[in-house]
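An overview of the molecular structure
Residues per chain, in single letters:
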Amino acid sequence: MHRPRHAHTIFNLRMAALLLCLWRMLIPVALVLLVTSLVTADREWTKLALILGGSAVLVAVIQWLFAAGAKCPLCMMPVLSRKGCSKHRNAKRVAGSHRFPVAMGVLFKHHFRCPFCNEPTLLELRERRAGR
């Protein structure tokens, strides 16, 4: 099992995973509130839906920034970013996304399997050799 070299990589992975899950929850909630507010003609719910939609955009931008530094220690690909690169043939998908299983593994299991190289990574720092 591979391990990251730097603590900021683990921090970036955890923040990007958390923000990805938050973003995935904000969008449906904002859409449901918007439809409900249009049906009931309630302006307060419309304002709340627009605020949630705007915050979903903000969360997506911040997640994109953290995800750029969240890389697999073996192939050095950002595992929580949308890249047009080929995925491994055995890479898992949840709800049509390769990023979501990585995010769930980072948040709940403290390890993940890279969708690009399909190698497992444990979220703890690699030990340094004695000669360095």
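Residues numbered from 1 in each chain as written. Predicted model: local features only at pLDDT ≥ 70, side-chain atom pairs only at ≥ 80, totals over all residues. Heavy atoms only, no water.

**Side note on the state of the cysteines**
- Going through the model one piece at a time under the given rule, you end up with zero disulfides.
- As a non-bridged cysteine, C75 has C114 as the owner of its nearest cysteine sulfur, 3.6 Å distant.
- Residue C75 is classed as partly exposed on the basis of its relative accessible area, which comes to 27%.
- With no disulfide of its own, C85 has C75 as its nearest cysteine by sulfur position, at a separation of 9.1 Å.
- When its relative accessible area of 36% is taken as the criterion, C85 is described as partly exposed. (Disulfide = S-S within 2.5 Å. Buried < 20%, exposed > 50% of the residue type's maximum accessible area, 1.4 Å probe, protein only.)

**Remarks on helix α3 (residues 99-109)**
- Every buried residue of α3 is accounted for by R99, V102, A103, G105 and V106. The buried side chains of α3 occupy one side of the element, clustering within an arc of 160 degrees when seen end-on. Exposed and oriented more than 90 degrees from the buried face of α3 are F108 and K109.
- Here the buried face of α3 lies against α1 (7-40), α2 (43-68) and β1 (111-113). (Helix = DSSP H or I, 4+ residues; strand = E, 2+ residues; numbered from the N terminus. Arc of directions from axis to C-beta. Contact = heavy atoms within 4.5 Å.)

**Quick look at α1**
- With 34 residues, α1 ought to run about 50 Å at 1.5 Å a step, and its terminal C-alpha atoms sit 49 Å apart, in line with that.
- Among the residues trailing α1, A41 stands out with phi positive, at a value near 60 degrees. (Expected span 1.5 Å × (residues − 1).)

**Some words on the pattern of salt bridges**
- Per the stated rule, a full pass over the model turns up two salt bridges.
- With a closest N to O distance of 2.9 Å, E124 and R3 form a salt bridge. With a gap of 121 residues between them, E124 in the segment after β2 (120-122) and R3 in the segment before α1 connect regions that are remote in the sequence.
- Relative accessible area serves as the criterion here: at 38%, E124 is assigned to the partly exposed category. (Salt bridge = Lys/Arg side-chain N within 4 Å of Asp/Glu carboxyl O.)

**Remarks on the side chain of T121**
- Mapped onto the secondary structure, T121 falls in strand β2.
- Beyond its immediate sequence surroundings of up to four residues, T121 is in contact with M1, H2, P4, C72, P73, H111 and F112.

**Concerning the side chain of S97**
- With respect to the helices and strands, the residue S97 is situated in the loop between α2 and α3.
- Reaching out from S97, the side chain makes a polar contact with the backbone nitrogen of F100 at a distance of 3.3 Å.
- Excluding residues that lie within four positions of it along the chain, S97 makes contacts with R24 and K92. (Polar contact = N/O pair within 3.5 Å; in protein donor to acceptor, adjacent residues only side chain to side chain.)

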